[in-house]
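Reading the structure
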Amino acid sequence: MTTEQQPSFDPIPLLAKVDGGRTIRSYGVGELVFRQGDPADSVFYLQSGTAKVAVVSEQGKEAVVAIHKPGEYFGEGCLAGQPLRISTVTTMSEAVIARLDKTAVIRLLREEPAFSEMFISHLLSRNIRVEADLVDQLFNSSEKRLARLLLLLANFGKEGKPEPILGAISQETLAEMIGTTRSRVSYFMNKFRKLGFIDYNGHIEVHSSLLNVVLYDNPQIGDRVDEPGPAEK
């Protein structure tokens, strides 16, 4: 399993010194940060809260492709010449987000080696995560894909124990992210709970034992959970 390791460098004090081109805003639950098709002219830094990334096809079908957590950047495609946003970002919880103009970020990358090193590490980590997601989608079962997603959302692999997953993440959203049906996700979530791999207590709480689903096939439970019919698999 691939997990993202964020560098120890704290960018907030440096971002606070940016002279012009920076705004910080508090968001409520479900607020729009930017919309697919908007001009891509800035980079965002998520100081607190969670936000989801969704893409809408020409046929109007929407899919959630990522969830951002505190300490992550998004919208960095503008630095590579992307003229328009290719996705929509919406908050999933109360959040504080810093918006940095493209020119301000370019200046930081040129003048602040620590920031440049941290930002490059961020981009490389995201690239590795995207590659791992592709392999996961191509070769793993929906059960393993769900287990891996829950572990990633709970910051498994970083220092300390897995954390409660912030934000109200619906089973429909989880299904969109792993490419399966909501009923299939519901079945596996019930199975994981009966096995003691997860708990529901306002938020989803993930235990390290969920890693068994990713590493091994067919974890068992004493009480059988009714599986969805063939049409739902």
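Above: the structure in question.
Description of the overall build of the chain
When helices and strands are counted, the chain shows 7 helices and 10 strands. The buried share of the chain, taken over its 233 residues, is 42%. Of the contacts made within the chain by residues no fewer than 6 positions apart, 75% connect residues no fewer than 24 positions apart.

Focus on the packing of helix α4 (residues 142-153) against helix α6 (residues 182-194)
Where α4 meets α6, the closest approach of the two axes is 10 Å, and the angle between their N-to-C directions is 65°. What the angle tells us is that α4 and α6 run roughly perpendicular. Seen along the crossing, α4 lies across α6 with a hand that is right-handed. Residues Ser142, Glu143, Leu146, Ala147 and Leu150 of α4 lie in contact with α6, whose contacting residues are Arg184, Val185, Phe188, Met189, Lys191 and Phe192.

Quick word on the sheet that holds strand β4 (residues 51-56)
Pairing within the open sheet is antiparallel, and its 4 strands lie in the order β2-β7-β4-β5. Only two strands of the sheet have a single partner each, and these edge strands are β2 (32-34) and β5 (62-68). Direction aside, the axes of adjacent strands within the sheet are offset by 30° on average. Looking at chain direction, β4 and strand β7 (residues 88-91) are connected through 4 bridges and run antiparallel. Directly across from Ala51, in β7, lies its bridge partner Thr91.

Considerations on the sheet that holds strand β6 (residues 73-74)
Reading across the sheet, the 4 strands line up as β1-β8-β3-β6 and stay open at both edges, with antiparallel pairing between neighbours. At either margin of the open sheet sits one strand with a lone partner, and together these are β1 (22-27) and β6. Relative to strand β8 (residues 95-101), strand β3 (residues 42-48) runs antiparallel, the two sharing 6 bridges. Looking at the pairing, Leu46 lines up with Ile97 of β8. Relative to the sheet, helix α2 (residues 102-111) contacts β3 and β8, its axis offset from that of β8 by approximately 80°.

So, the side chain of His68
Among the structural elements, His68 can be located in strand β5. A polar contact is formed between the side chain of His68 and the side chain of Arg126, at a distance of 3.5 Å. Apart from residues no more than four positions distant in its own chain, His68 is found in contact with Leu46, Gly49, Thr50, Ala51, Val53, Tyr73, Phe74 and Arg126.

Brief notes about the pattern of salt bridges
Taken as a whole and assessed by the stated rule, the structure comprises 8 salt bridges. Where Arg99 meets Asp41, a salt bridge forms, and the shortest distance between an N and an O atom there is 3.3 Å. In this pair, Arg99 is assigned in strand β8 and Asp41 in the loop between β2 and β3, connecting sequence segments 58 residues apart. For Asp41, a relative accessible area of 39% gives the class partly exposed. For Arg148, the salt bridge identified is with Asp136, shortest N-O distance 3.6 Å. Pair noted here: Arg148 is in helix α4 and Asp136 is in helix α3 (residues 113-139), with a separation of 12 residues, a long-range link. Residue classification places Asp136 among the buried residues on the basis of a relative accessible area of 7%. Connected through shared salt-bridge partners, Arg129, Asp133, Asp136 and Arg148 make up one network.

The rules behind each value
Residues numbered from 1 in each chain as written. Predicted model: local features only at pLDDT ≥ 70, side-chain atom pairs only at ≥ 80, totals over all residues. Heavy atoms only, no water. Helix = DSSP H or I, 4+ residues; strand = E, 2+ residues; numbered from the N terminus. Buried < 20%, exposed > 50% of the residue type's maximum accessible area, 1.4 Å probe, protein only. Contact = heavy atoms within 4.5 Å. Axes fitted to C-alpha atoms, helices over the stretch in contact; angles between N-to-C directions. Parallel < 35°, antiparallel > 145°, perpendicular 65-115°, else oblique. Left-handed = near helix turned anticlockwise from the far one by under 90°. Pairing = 2+ DSSP bridges. Polar contact = N/O pair within 3.5 Å; in protein donor to acceptor, adjacent residues only side chain to side chain. Salt bridge = Lys/Arg side-chain N within 4 Å of Asp/Glu carboxyl O.

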